[in-house]
Amino acid sequence: MCECHVELYDHYNSFSEAERQLFAAAKAALHNAYAPYSNFQVAAAVWLSDGSIYQGNNQENAAYPSGLCAERVALFYASAIKPDIAPRGIAVTVNYEHHPDFDQIVSPCGGCRQVIAEYEHKFKQPICIYLLGSGTKVAVIRTMSELLPLLFSGDVLKSFSTPK
Ligand code: THU
């Protein structure tokens, strides 16, 4: 059986100073989202094991599939700059400020889950997913393998890499 454990918090006071910095970085990155087609601004901040933080936001394109989600922009940016440092967490948020009636927690799309899972697999370390809701609400999922059970991993490809 697959279970997803989601921890729900109403306040940031349950979190460390470093985690609060990560949340602030994710929220700050909303301002640079480029979402003229959906008007759905998303931002993410990746927390690396060396303490550094890399921000990203969704980048849309008139040819829709050419755009990219905030989570992937942030993770690819972090990996492009520091390929040998494991991500320990990623915070994700959407533009609640401009939509006061919207109060749902937003969770990463399937493609982003697969990309987060790839970096867990690469570094053999869990990545904590912080979903920042409206105000100071936070949902925490401790590892992507909970959000993406029975995931497709690169291990499978190893058995096929040499032609028989
Ligand atoms: N989006 C993200 O940035 N992250 C997700 O996990 C879900 C969707 C973006 C992509 C697109 O720019 C907009 O939200 C609408 O799908």
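See the structure above.
Residues numbered from 1 in each chain as written. Predicted model: local features only at pLDDT ≥ 70, side-chain atom pairs only at ≥ 80, totals over all residues. Heavy atoms only, no water.

How should the sheet that holds strand 6 (residues 138-141) be read in this particular structure?
One key point about sheets: their strands pair by backbone hydrogen bonds, in either a parallel or an antiparallel sense. One open sheet accounts for six strands, arranged 1-6-5-4-2-3; its pairing is mixed. What marks the edges here is a single partner per strand, and that holds for strand 1 (7-9) and strand 3 (53-57). Across the sheet, the mean angle from the axis of one strand to that of its neighbour is 20 degrees, orientation sign disregarded. In this structure, strand 4 (residues 87-94) lies alongside strand 5 (residues 128-132), joined through five bridges in parallel fashion. By the bridge assignment for strand 5, Val92 is matched with Leu131. (Pairing = 2+ DSSP bridges. Helix = DSSP H or I, 4+ residues; strand = E, 2+ residues; numbered from the N terminus. Axes fitted to C-alpha atoms, helices over the stretch in contact; angles between N-to-C directions.)

For this particular structure, what's the right way to read the environment of Phe160?
The topology assignment puts Phe160 in the segment after helix 5 (155-158). Looking at Phe160, the relative accessible area reads 65%, which means it is exposed. Taking the C-alpha atoms as reference, Phe160 lies 40 Å from Leu132; in sequence the two are 28 residues apart. (Buried < 20%, exposed > 50% of the residue type's maximum accessible area, 1.4 Å probe, protein only.)

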